[in-house]
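Take a look at the letters that make up each chain.
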Amino acid sequence: MSTDPNNIPVLTALTAKQVADYLKQHPDFLADRPTLLADLDLPHDTGGKAVSLVEKQVSVLRDRNMDMRHRLNKLLANARVNDLLFDKTKHLLLALLDTKQLDDCLDALFYSFQNEFKIHYSRLILVSSPGDKLVTPVNRQARVMSLHSVNDKLPTITKNHRAICGQLSDEEKFFIFQGDAQAIGSTAIAPLIKNGKLLGLVAIANRDPNYYRSSMNTLFLNFIADVLARLL
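The model shown is predicted, which means the values in this text are computed figures rather than measured ones. (Residues numbered from 1 in each chain as written. Predicted model: local features only at pLDDT ≥ 70, side-chain atom pairs only at ≥ 80, totals over all residues. Heavy atoms only, no water.)

Trainee: In this structure, what is going on with the side chain of Thr89? I would like to understand it.
Mentor: Tracing the chain through its elements places Thr89 in helix H3 (residues 53–97). Beyond its immediate stretch of four places on either side in the chain, Thr89 contacts Phe117, Phe220, Phe223 and Ile224. (Helix = DSSP H or I, 4+ residues; strand = E, 2+ residues; numbered from the N terminus. Contact = heavy atoms within 4.5 Å.)

Below you can see the structure in the form of structure tokens.
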């Protein structure tokens, strides 16, 4: 509605947006007007025969239901994966707790990584600070490095004290995985922290460059790293 120079109201046509906004604010508008509802038809997207508004609404609800089912199935699939990871992690931690010596602990760790978790490559680096007296492990997948070297090669780990996932530079891969460096596609690395001190890091890797991504959850790897920090 507008006003002309003589102050006489003049009716103007409603826009489609105004009608749509009104129907949104009054969703039961058509409930009391069955005859009007019966006259409303909406064409199929494919250009076929017309369908009633009720049929269109049912179709929309059906699509939403399918979308919710897909989301639920995805949640259930993730839950099953997490259950499996939990069981494997529990078995590993119980095996670690049964060990009495460093190399027994490392053997149990790498055996579980390879045979239960099906991890392609795994390494453990123990960090030696000035004054530390660390026993050199027999297992070739583990070694002792100075804190200076680890700080220099892996500053993200040592500064932030948090797990990281993704692709490493060639220099970083060689520092951690040495002879296997060229086969490494992507990695996940978790620091071993106790009382705020970096004791080492555990690294796992896959040949697929996209297997470990920065968006991945590192809950289980961090949990294993926390237990190792207390055992080692």
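Trainee: Is there a simple way to think about helix H7 (residues 170–177) in this case?
Mentor: When we look at burial in H7, the residues that qualify are Lys173, Phe175, Ile176 and Phe177. Within H7, the buried residues cover an arc of 165° as seen down the axis, which keeps them to one side. Projecting away from the buried face of H7 at angles above 90 degrees are the exposed residues Asp170, Glu171 and Phe174. Of the surrounding elements, those touching the buried residues of H7 are strand E5 (121–128), strand E6 (142–146), helix H5 (147–153), strand E8 (186–194) and strand E9 (197–206). Positioned one or two residues after H7, Gln178 has a phi angle of 50°, which is positive. (Buried < 20%, exposed > 50% of the residue type's maximum accessible area, 1.4 Å probe, protein only. Arc of directions from axis to C-beta.)

Trainee: What exactly am I supposed to notice about the side chain of Thr218 here?
Mentor: Among the structural elements, Thr218 can be located in the loop between E9 and helix H8 (219–231). For Thr218, a relative accessible area of 17% puts it in the buried group. Each residue touching Thr218, except ones within four places of it in the same chain, is listed here: Ala163 and Cys165.

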